[in-house]
Every structure is written in C-alpha cells, then in structure tokens.
Amino acid sequence: MNQIEHHLDSLGKKAIIWDDIVSDDMVNTSTIMCWQGLDVAKTAAKHGNDVIMCPTTHCYFNYYQCKDKDERLCMEGYVSLGKAYSFDPMPEGLSEAQQKHILGGQCNLWTEFVNDPETAEYMIMPRLFALSECVWSPKEKKDPKKFATKVEFERNLMKKLGYRPSGKAVMEVE
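Residues numbered from 1 in each chain as written. Predicted model: local features only at pLDDT ≥ 70, side-chain atom pairs only at ≥ 80, totals over all residues. Heavy atoms only, no water.

Think of an α-helix as 3.6 residues a turn; residues three or four steps apart then line up on the same face. Counted residue by residue, helix 7 (residues 127-136) has seven buried out of 10 residues, so it is predominantly covered. Among the residues of helix 7, those classed as buried are R127, F129, A130, L131, S132, E133 and C134. The inward-facing, buried residues of helix 7 contact helix 3 (56-59), strand 4 (63-64), helix 4 (81-85), helix 6 (117-124) and helix 8 (144-160). (Buried < 20%, exposed > 50% of the residue type's maximum accessible area, 1.4 Å probe, protein only. Helix = DSSP H or I, 4+ residues; strand = E, 2+ residues; numbered from the N terminus. Contact = heavy atoms within 4.5 Å.)

Dropping the structure here:
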C-alpha cells in the first residue's frame with residue numbers, strides 16, 4: 001500500500017481505501033472508507049487520515065430494511081429507516097483537530113442481490129433521505145417525527161417522478 005501511495009503522491013493524487021488496513025502503527029496517508037465501525041474510524045482520525053464514514057450498522061443499504069417475511073432477497077443484515085436516521089458520522093472521543101478528519105458519510109449498495117434499477121431504487125429509497133439528513137443537517141435540528149412526515153412526502157414525490165422507493169421502510173424506534 002505504501003508503494004501505491006508514493007506513486008499516487010508523485011502524480012498529485014491521493015488514495016481512498018477501505019479500513020481493513022487501519023492499525024495503530026500504520027504509515028499511510030490515504031483517505032479511509034470506514035465500514036467496520038467507530039473504533040476503526042477513531043484510530044484512523046487520530047493517525048491523521050481523513051475518514052469517510054460508511055459503517056455497516058447504518059449505511060449498508062443492501063441489507064434488509066424491514067422485517068417483512070416477503071421482503072426482497074437481500075444481504076444478511078438489517079438497517080431500518082430509523083437506524084439510518086440515527087446515523088451520526090462523528091465518533092465520540094476525538095479532539096477538535098481529529099474531528100476535522102471525519103469528512104462525512106456515505107451509503108453503500110452492494111449489488112449481489114440487485115438485478116435491475118428498480119431494485120436499486122427500492123433498496124436505497126427512502127433510507128437515502130435519512131442518511132442525507134444525518135450528514136447535511138445539524139444534530140440539534142433533527143426531529144424523527146418531522147422526518148417521518150417529510151419522508152412520506154418525498155416517497156410520494158419519488159413515485160410521481162417514476163422512481164420506485166420502498167413502501168415497507170418505515171420509521172421505527174429501535
């Protein structure tokens with residue numbers, strides 16, 4: 001990885017890599033895509049790496065979004081609309097300087113079980129609305145009840161525009 005980083009640096013580029021390489025003694029300067037959780041993100045940020053948060057617990061939209069036995073086949077795992085809405089990309093316990101390394105969040109949709117665009121739309125919407133609000137809005141402005149109302153409006157708008165969001169994903173308290 002160090003050789004690749006040096007090569008990219010010589011071209012004025014920077015690598016973005018998955019967090020599997022994060023360790024207390026790492027020597028790279030890549031931006032880290034953090035899928036394994038907050039502890040790994042903290043280690044990377046404390047090391048000085050920029051971090052994009054995409055933990056499986058909140059941001060993997062190829063996981064089931066409801067517990068309906070008739071739900072489409074998905075990757076094993078569960079991320080409800082409420083769970084996506086509870087996402088906070090900033091791990092606790094970082095100094096102000098370390099917090100600057102947390103660039104934001106991203107959802108992931110791995111497509112092993114996605115055979116067409118309609119299924120992709122179903123899998124990401126409306127959870128994408130939840131994640132967007134989490135990374136673009138101040139924490140103190142988040143309101144689950146208002147969001148539940150907004151998400152129904154957005155879901156209906158998406159349908160009118162020809163998209164196929166999930167109607168099964170509902171706000172639930174976990």
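Right, picking up where we left off after that structure.
Once that is clear, we can look at a nonpolar patch on the surface. A cluster of nonpolar side chains, contributed by F153, L157, L161 and Y163, occupies part of the molecular surface with about 410 Å² of accessible area. Examined against the element boundaries, Y163 turns out to sit in the segment after helix 8. Overall, Y163 belongs to the partly exposed group, its relative accessible area being 38%. (Patch = residues over 30% accessible without salt bridge, like charges linked within 9 Å, V, L, I, M, F, W, Y side chains within 5 Å. Areas by Shrake-Rupley, 256 points an atom, 1.4 Å probe, with all protein chains shown as cover. Salt bridge = Lys/Arg side-chain N within 4 Å of Asp/Glu carboxyl O.)

Considering all chains together, one arrives at six salt bridges under this definition. Between D50 and K14 there is a salt bridge, with its nearest N and O atoms 3.4 Å apart. Of this pair, D50 sits in the loop between helix 2 (38-47) and strand 3 (51-53) while K14 sits in the loop between helix 1 (2-10) and strand 1 (16-18), and the two are 36 residues apart along the sequence. A salt bridge links E133 to K150; the shortest N-O distance between them is 2.8 Å. Placement of E133 in helix 7 and of K150 in helix 8 is noted, with a sequence separation of 17 residues between them. Residues participating in the shared-partner salt-bridge network are E118, E121 and R164.

Put simply, the chain has an average pLDDT of 90, and 97% of its residues get 70 or more. No element of the chain has a lower mean pLDDT than helix 1, at 83, and none a higher one than strand 3, at 97. (pLDDT = per-residue confidence, 0-100.)

For soluble globular proteins, nonpolar side chains are generally found buried alongside one another. Among the nonpolar cores identified, the biggest contains 34 residues, and V51, M53 and F147 are the most heavily contacted of them. Residue assignment for this core shows that the elements contributing at least two residues are strand 2 (31-34), helix 2, strand 3, helix 4, helix 7 and helix 8. Non-local contacts of M53, meaning those with residues more than four positions away in its chain, are made with C34, L38, A41, C59, F87, P89, P91, I102, G104, G105 and Q106. (Core = buried A, V, L, I, M, F, W, Y, C linked by side-chain atoms within 4.5 Å.)

What follows is about the packing of aromatic side chains. For the coordinates displayed, the defined rule picks out four aromatic pairs. Seen in terms of ring centroids, Y60 and Y63 are 5.6 Å apart; in terms of plane orientation they differ by 50°. Their pairing is tilted. The same class applies to Y60 as to Y63, namely buried. Cluster of aromatic residues (ring-pair linked, three or more members): W18, Y60, Y63 and W110. (Phe/Tyr/Trp six-rings, centres within 6.5 Å; stacked < 30°, edge-to-face > 60°.)

What follows is about the side chain of T119. For T119, the location among the structural elements is in helix 6. Judged by its relative accessible area of 12%, T119 falls in the buried class. Ignoring sequence-local partners within four residues, the contact set of T119 consists of R72, F113 and V114.

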